[in-house]
Amino acid sequence: MRHCLFIGDAHIVPEDKAFQERLSKFLVSLPGVYDHLFVMGDLFEFWFGFEGYSYENEYGPVLEAFRYIVSKGVQIIYFEGNHDFFMGSIFTRELGAQVYPDAHSFEVEGERWFMTHGDLVAAEGLRYGTYRKLIRNPLTYGLIRLLGPRWTLKMAWKFGAMSHKVYHTPESYDATKYTTFVKKKFAAGYDAVIMGHTHRAGVITYHVGDKERFYVNCGDARNAETYVTYHPGQGFEVQKGLEPLTGDTTPQSG
Ligand SMILES: [Mn+2]
């Protein structure tokens, strides 16, 4: 793992094909510069992996870009959010992605990274934790499968709109919860905590003992067009603007 890009919280909706095209052009410019793409969750406004359902109608351009970068050797690592979960066979089998429903840690260049979407941090002390437990259990998955893609997606657009109101308003953001959380992780020996969910991009340096440690948030890839990069020796950096990295962004056939 060397050159990494972190992106998330675009909350892509099927109707927004213009943004999907813009994001896709950016994504296909990554191979050769980045070898690991970390999706920090809520890239899609709604995703539940139905067996045999392709999501081509909803998210075709982005999926096409994913297929292209994977064919060029980019590894996708997907942290599920509170809008996209059970990424399913499209991600795990077709795209060969590593999918993490909750948290996972990596060792990179001798440093320990703790990574998670971050909704549970925001939810501490709120009833939201119950919602997540309700969504993420075998019974709910069974019910969703029973409903099938057509009805589930219909309901999801309604529910998504509601969820946005409740969880994506600036007022509902409590920065101190995140500060407390990352400090706990530093105390547990992690060198970096990487999250999304807040829609606020940032790389904040903490001095713990004689070491620098980092709280990294990839921010909002759609409205603010922010993401975060990591290069060995350079560390983490917030980037802004989804302009393609190279001149030629046309996927090469074959
Ligand atoms: Mn979220």
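Criteria and thresholds
Residues numbered from 1 in each chain as written. Predicted model: local features only at pLDDT ≥ 70, side-chain atom pairs only at ≥ 80, totals over all residues. Pairing = 2+ DSSP bridges. Helix = DSSP H or I, 4+ residues; strand = E, 2+ residues; numbered from the N terminus. Axes fitted to C-alpha atoms, helices over the stretch in contact; angles between N-to-C directions. Core = buried A, V, L, I, M, F, W, Y, C linked by C-beta atoms within 7 Å. Buried ≥ 20, exposed ≤ 12 C-beta atoms within 10 Å, placed from the backbone. Contact = placed C-beta atoms within 7 Å. Arc of directions from axis to C-beta.

(A) Molecular detail of the sheet that holds strand 12 (residues 226-231). Overall, mixed pairing links the six strands, which are arranged 6-4-2-1-12-13 in an open sheet. Bordering the open sheet on either side are strand 6 (98-100) and strand 13 (235-240), each of which pairs with just one other strand. Neighbour-to-neighbour, the strand axes of the sheet open up by a mean angle of 20°, direction not taken into account. Sheet analysis places strand 2 (residues 36-39) next to strand 4 (residues 75-79), joined by four bridges and oriented parallel. Looking at strand 4, one finds that H36 is bridged to Q75.

(B) Quick look at the nonpolar core. One finds L5, F6, V193 and V216 to be the most contacted residues of the largest nonpolar core, which totals 62 residues. Looking at which element gives the most residues to this core, the answer is helix 2 (residues 56-71), with five residues. With residues up to four places along the chain from it excluded, the contact list for V193 reads F114, V182, K185, Y215 and V216.

(C) Local environment of the sheet that holds strand 11 (residues 211-217). Read across the open sheet, the five strands follow the order 7-8-9-11-10; overall the sheet is mixed. Strands with a single pairing partner mark the edges of an open sheet, and in this sheet they are strand 7 (103-108) and strand 10 (202-208). Within the sheet, the average angular offset between the axes of one strand and its neighbour, ignoring direction, is 20°.

(D) Fine view of helix 1 (residues 17-27). Residues of helix 1 that are buried include every one of F19, Q20, L23, S24, F26 and L27, and no others. End-on, the buried residues of helix 1 take up no more than an arc of 160°, which puts them together on one face. Buried residues in helix 1 make contact with helix 2.

(E) Just the environment of I90, in detail. Along the chain, the position of I90 falls in helix 3 (residues 88-94). Between the C-alpha atom of I90 and that of L63, which follows or precedes it by 27 residues, the distance is 9.1 Å. Contact partners of I90, with chain neighbours within four places excluded, come to G49, Y55 and L95.

(F) Local environment of the pairing of strand 9 (residues 192-195). Neither face of strand 9 is open: one carries A192 and I194, the other V193 and M195, and all of them are buried. Bridging between strand 8 (residues 111-116) and strand 9 involves three bridges; their strand directions are parallel. From the neighbouring strand, F114 faces strand 9, where its bridge partner is V193. One ladder, built from four bridges, connects strand 9 with strand 11; its direction is parallel. For V193, the partnering residue across the bridge sits in strand 11 and is Y215.

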